[in-house]
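# Summary of structural features
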Amino acid sequence: MSPLALRNSQGYLTSVATRVNIYIQADNPDIGLMCFMGVGMAEVSSCEVTVKKGDRVEQGQETGMFHFGGSTSCLIFRPETNIKFTDVVKVGDMNTVLKLNEAIAFVDSESS
């Protein structure tokens with residue numbers, strides 16, 4: 001199998017797999033509106049959302065869960081949100097090992 005197969009299949013899977021979008025208005029105006037996309041991959045049969053429109057979401061709060069199988073998620077920001085990646089992220093390096101809760105990016109408020 002090509003080493004790029006897994007990475008390149010993400011775009012396809014996020015288009016056809018079970019998914020859920022949760023829009024969050026951040027208190028920080030440099031972030032503004034953002035979206036959490038949960039994608040149920042493989043045999044995932046559902047993405048359950050446990051928050052409702054108008055709920056306040058705190059950092060680390062559970063917003064939902066996947067049922068049965070593998071899954072992935074991503075955060076989507078507005079084009080004007082100035083995201084800077086840390087040195088731990090190396091574009092194109094499929095062998096990077098990230099530690100749990102390790103920061104991979106931040107919002108650069110000074111450049112906004």
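Note that the structure is a prediction, hence the values are computed from the model and not measured. (Residues numbered from 1 in each chain as written. Predicted model: local features only at pLDDT ≥ 70, side-chain atom pairs only at ≥ 80, totals over all residues. Heavy atoms only, no water.)

Here we come to the pattern of salt bridges. In total, this model carries 4 salt bridges according to the counting rule given. One salt bridge connects D27 with R56, and the closest N-O pair in it is separated by 2.5 Å. Taken as a pair, D27 in the loop between β1 (18–25) and β2 (33–40) and R56 in the loop between β3 (46–49) and β4 (64–67) lie far apart in primary sequence, 29 residues in all. Relative accessible area serves as the criterion here: at 58%, D27 is assigned to the exposed category. (Salt bridge = Lys/Arg side-chain N within 4 Å of Asp/Glu carboxyl O. Helix = DSSP H or I, 4+ residues; strand = E, 2+ residues; numbered from the N terminus. Buried < 20%, exposed > 50% of the residue type's maximum accessible area, 1.4 Å probe, protein only.)

Another aspect to go through is the sheet that holds strand β5 (residues 71–77). Spatially, the 3 strands line up as an open sheet ordered β1-β2-β5, and their pairing is antiparallel. One side of each edge strand has no neighbouring strand; the edge strands of this open sheet are β1 and β5. For this sheet the average axis-to-axis angle between neighbouring strands, irrespective of direction, equals 15°. Two elements, β1 and β2, share 8 bridges in a ladder whose sense is antiparallel. Across the sheet, V20 pairs through a bridge with G38, a residue of β2. (Pairing = 2+ DSSP bridges. Axes fitted to C-alpha atoms, helices over the stretch in contact; angles between N-to-C directions.)

Side chains of F85, V89, L98 and I104 sit close together on the surface and give an oily, nonpolar patch of about 340 Å² of accessible area. Structurally, F85 is set in strand β6 (residues 83–85). (Patch = residues over 30% accessible without salt bridge, like charges linked within 9 Å, V, L, I, M, F, W, Y side chains within 5 Å. Areas by Shrake-Rupley, 256 points an atom, 1.4 Å probe, with all protein chains shown as cover.)

The residue N101 is not glycine, and still its phi comes out positive at about 65°. Take N101: it is sitting in the loop between β6 and β7 (105–107). Under the relative-accessibility criterion, N101 is labelled exposed at 75%.

Relative to the assigned elements, T81 resides in the loop between β5 and β6. Using a relative accessible area of 7% as the deciding quantity, one classes T81 as buried. Beyond its immediate sequence surroundings of up to four residues, T81 is in contact with D30, I31 and V107. (Contact = heavy atoms within 4.5 Å.)

Overall, the prediction assigns the chain a mean pLDDT of 84, with 88% of residues at 70 or greater. Here helix α1 (residues 5–16) stands out as the least confident element of the chain, with mean pLDDT 72; β7 is the most confident, with 92. (pLDDT = per-residue confidence, 0-100.)

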